[in-house]
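One letter stands for each residue in the lines below.
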Amino acid sequence: MLPPFDLLPTLVRGLRVTIGLTLAASTLALIVAVIAGVARTSKNPLISGIVGFYVELFRGTSVLVQMFWIFFVLPIPPFNISLSPFLAGVIALGLNVGAYGSEVVRGAIQAISRSQIEAGIALNFTPTQRMTRIILPQAMVRILPPFGNLLIELLKSTALVSLITLSDLTFQALTLRQTVGRTTEVFAVLLIMYFLLAYPLTLGVRWVEGRRVWA
Amino acid sequence: MVQDNDRQDASGPMIRFQKVKKSFGDVHVLRELDLDVATAERISIIGASGSGKTTLLRILMTLEEPNSGVIYVDGEPLWHKKVNGELVEADEKHLRKMRGKIGMVFQQFNLFPHMKVLRNVTEAPIHVLGTPRDKAEARAKELLDMVGLADKMDNYPSQLSGGQQQRVAIARALAMQPKVMLFDEITAALDPELVGEVLGVMRQLAHETQMTMLIVTHEMGFARDVSHRIVFLHEGQVLEEGPPEKIFTNPDHPRTREFLSRVLEH
Amino acid sequence: MVTFDWEFAWEILPQLLEAMVVTIEATVVGFAFAAVLGLLLALGRRSETWWISRPAGAIVEFVRSTPLLVQLFFLFYVLPRYGVRLPAFVVGVIGLGLHYGSYTSEVYRAGIDAIARGQWEAATALNFSQRHKWTKIILPQAIPPMLPALGNYLVAMFKETPLLAAITVVEMFQRAKIISSLTFRPLEPYTLVGVLFFVLSFPSALLIQRLEARFGTR
Ligand SMILES: Nc1ncnc2c1ncn2[C@@H]1O[C@H](COP(=O)(O)OP(=O)(O)OP(=O)(O)O)[C@@H](O)[C@H]1O
Ligand SMILES: [Mg+2]
């Protein structure tokens, strides 16, 4: 049997979409995670309450349901917000993974001992400086490996956008199955392509876990 | 609101506690504590575990808020602001201004683990005081040299012994040039053989500077050598105070005697 | 302006609840499968025989690195070509079990690694059989601290059951999709499904947090 090179052009077209979606959604997730994670440690009950609601809402329901809601419900009244499949995918994945990421950020911030904050007060840093110069840099070390794992989860979840008609890698494979057949080959190649995308990330996470300059 | 009846002037004490109360739940830690510390005076605060020594320092460092009473630092109320001659609760801006006068060294060092030694010392001068980096670094090197750690400035704190870390912490606090320095049992977390190097730095500091210092310690010999005055704290109040010679040889109060005999035994 | 139609929601709720039974069945059976498979994979990876430990490791790494949805498609479309014809629900449960088995195996592995060396040595010194060592000494100590992590994966799997809709299983989400396309009203069914997922998963997550606090591990 020849290697299924003839399948590749179609799949690579989908691969581009998958990678673009992963990059866009993970950027959104990163921003959301840091902002929501910091905000959730706020002493203001209104801020931490609103953010807590968002986080629990997105962690408590299913990402596929969220994606369908954003793609199929938002366009109708009273919302009237029509999004392209790509944008709907970015928003659903970004907000979903961002909610999980915010818990990582919050946990890492809370793991920084109170005494570090007190040292910051004793040196007369402003509250913002204490967050940006003392707490977040230390939290970063705890944040990186779980963020790497979330990135892998996000990459795998991009396959769901094929269900809202975005022609990502999985979507192209489903199309190929219908047009050329060769089901086994198509899905084997598809699995291998995802593996080649995700496994280097896994190795990267392990590398990061294995090294820390201080402490 | 409290009436500001005792106006402070430049010749007044550097620190004044007036009827300061602090409790955690039902635990009354400070009970109407009164205490004055003169400018350039070094006092050692001694007392049994739980007598409120740490709490007293933490309130001065604004890490803990008193329930009532007034504290003056350098003539200004610490936890209050004067508005039309009356004292109202201080805001963050006032607290930050007051914190500039005070520095603290902690029992557990509390160095920033993600910064090398030099940056631990320069970070606050650069970003809080606005000192130019080269100046801040030159000054930090001087201070690290003084505490005997000039060769460690490119190390991370975790690569240092406890005694070395505590000396860095002293240099870090000094770099902010506070008028008052607070030391809370800075040798208590150290292995016995490392205590000497830290106390050595402290003795040198006592000789060479005119800083006001409040030292909480269980090292009685050291307290005797460096302090102008010993303050014995008992159940949240100053039970007895006086020059070291007096307190250590002939205290008035039986409780002081009892405490000293217990700690001097070993 | 159209807003949430409570009457319509009330009308479709029984259908969704009925489909929820399928969702829960898939979760329970799938997780039972994952729990057993994960243990086998974890023990396999610890094996001193390379032709057991290597494949076990490779399976875990590969399954973890590929999307559940694609694995479901693979099982659903490829198995029948080799004569294995299974109902969609069974394929879905196998997919869930396989995918989450690769996750739970890591939980077991970490849990077993956390057992102090002295325990192994004591078991060996007392000359227990291999079987007795595992079932009476190691696993009883290792499993309770693993429960929170396993619980988290149970809830995670529950929230991934809508993927079974892609291979024609009529679980809760698929039912909502069907209602939505028949009535042209997506708001109520999709919102209700979200709410139903939430009312089940949120309390479970809280329960797991309590477990976590109790066993004091992460
Ligand atoms: N944050 C807190 N919450 C509750 N109780 C506290 C808190 N901080 C201190 N306490 C209590 O206040 C009392 C005085 O504590 P403090 O730390 O000031 O004593 P100390 O004189 O420094 O004792 P030690 O010699 O053991 O350091 C103790 O009974 C302590 O348990
Ligand atoms: Mg103390």
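Residues numbered from 1 in each chain as written. Chains lettered and ligands numbered in written order. Predicted model: local features only at pLDDT ≥ 70, side-chain atom pairs only at ≥ 80, totals over all residues. Heavy atoms only, no water.

## Observations regarding the overall build of chain A
Consideration 1: When you go through chain A residue by residue, the secondary structure sums to 8 helices and 0 strands.
Consideration 2: Ordered by position from N to C terminus, the α and β elements of chain A give α-α-α-α-α-α-α-α.
Consideration 3: Principal-axis analysis of the C-alpha atoms gives chain A an extent of 70 × 50 × 20 Å.
Consideration 4: Out of the 215 residues belonging to chain A, those deemed buried represent 53%.
Consideration 5: Within chain A, counting contacts between residues at least 6 apart in sequence, those at least 24 apart form 74% of the total.
Consideration 6: Carbon and sulfur atoms make up 70% of the accessible area of chain A, which amounts to about 9400 Å² in all.
Consideration 7: Each charge sign in chain A was given a centre, from 16 positive and 8 negative side chains, and these centres are 8 Å apart. (Helix = DSSP H or I, 4+ residues; strand = E, 2+ residues; numbered from the N terminus. Buried < 20%, exposed > 50% of the residue type's maximum accessible area, 1.4 Å probe, protein only. Contact = heavy atoms within 4.5 Å. Areas by Shrake-Rupley, 256 points an atom, 1.4 Å probe, with all protein chains shown as cover. Lys, Arg positive; Asp, Glu negative; His and termini not counted. Charge placed at Lys NZ, Arg CZ, Asp CG, Glu CD.)

## Regarding the pattern of salt bridges
Oppositely charged side chains are able to pair whenever their charged atoms sit close together.
Consideration 1: A complete count under the given rule lists 34 salt bridges over all chains for this structure.
Consideration 2: As a salt-bridge pair, C:Arg45 and C:Glu61 come within 3.9 Å of each other at their nearest N and O atoms. Taken together, the residues C:Arg45 in helix H1 (residues 6-46) and C:Glu61 in helix H2 (residues 50-64) connect sequence positions 16 residues apart.
Consideration 3: Residue classification places C:Glu61 among the buried positions, given a relative accessible area of 12%.
Consideration 4: Among the ionic contacts, a cluster of salt bridges with common partners joins A:Arg40, A:Glu56, A:Arg59, A:Glu103 and A:Arg106. (Salt bridge = Lys/Arg side-chain N within 4 Å of Asp/Glu carboxyl O.)

## Some points on the pairing of strand E2 (residues 15-24) of chain B
Residue and element names in this part refer to chain B.
Consideration 1: Pairing analysis gives 7 bridges linking E2 to strand E3 (residues 27-37), with the strands arranged antiparallel. Among the inter-strand pairings, Ile15 is bridged to a residue of E3, identified as Val37.
Consideration 2: Linking two consecutive strands that pair antiparallel, namely E2 and E3, is a turn of 2 residues; a positive phi of about 60° is found at Gly25 within it.
Consideration 3: Of the strand pairs in this sheet, E2 and strand E5 (residues 68-73) are connected by 5 bridges, and their pairing is antiparallel. If you follow Ile15 over to E5, its bridge partner there is Val73. (Pairing = 2+ DSSP bridges.)

## A closer look at the site of ligand 1
Residues and elements named next belong to chain B.
Consideration 1: Residues in contact with ligand 1, as listed here, are Phe24, Val29, Ala48, Ser49, Gly50, Ser51, Gly52, Lys53, Thr54, Thr55, Glu185 and His218.
Consideration 2: Here an oxygen atom of ligand 1 and a backbone polar atom of Gly52 are 3.0 Å apart.
Consideration 3: At 2.8 Å, a side-chain N or O of Lys53 approaches an oxygen atom of ligand 1.
Consideration 4: If one sorts the elements of the shell around ligand 1 by residue count, helix H1 (residues 53-60) sits on top with 3 residues.
Consideration 5: Class assignment for the residues of the shell around ligand 1 results in 3 nonpolar, 7 polar and 2 charged. (Near = heavy atom within 4 Å. Polar contact = N/O pair within 3.5 Å; in protein donor to acceptor, adjacent residues only side chain to side chain. Nonpolar A, V, L, I, M, F, W, Y, C, P; charged D, E, K, R; others polar.)

## Looking at the sheet that holds E3(B)
Consideration 1: Here we have 4 strands laid out as an open sheet, ordered E3-E2-E5-E6 (chain B), and antiparallel in their pairing. Only two strands of the sheet have a single partner each, and these edge strands are E3 and strand E6 (76-77) of chain B.

## Some points on the interface of chain C and chain A
Consideration 1: Of the residues lining the interface, 36 residues belong to chain C; the matching set on chain A comes to 39 residues.
Consideration 2: Taking both partners together, chain C and chain A bury about 3400 Å²; carbon and sulfur atoms supply 73% of that area.
Consideration 3: Run the count over chain C and chain A and you get 1 salt bridge.
Consideration 4: In this structure, the salt-bridge partner of A:Arg206 is C:Glu61, at a minimum N-O distance of 3.1 Å.
Consideration 5: Along the contact surface separating chain C from chain A lie 11 residue pairs in polar contact (both at pLDDT 80 or more).
Consideration 6: Among the secondary structure elements, those contributing two or more residues to the side of chain C that touches chain A are H2, helix H3 (68-78), helix H4 (88-113), helix H7 (172-183) and helix H8 (187-215) of chain C. (Buried area = accessible area lost by both parts, 1.4 Å probe.)

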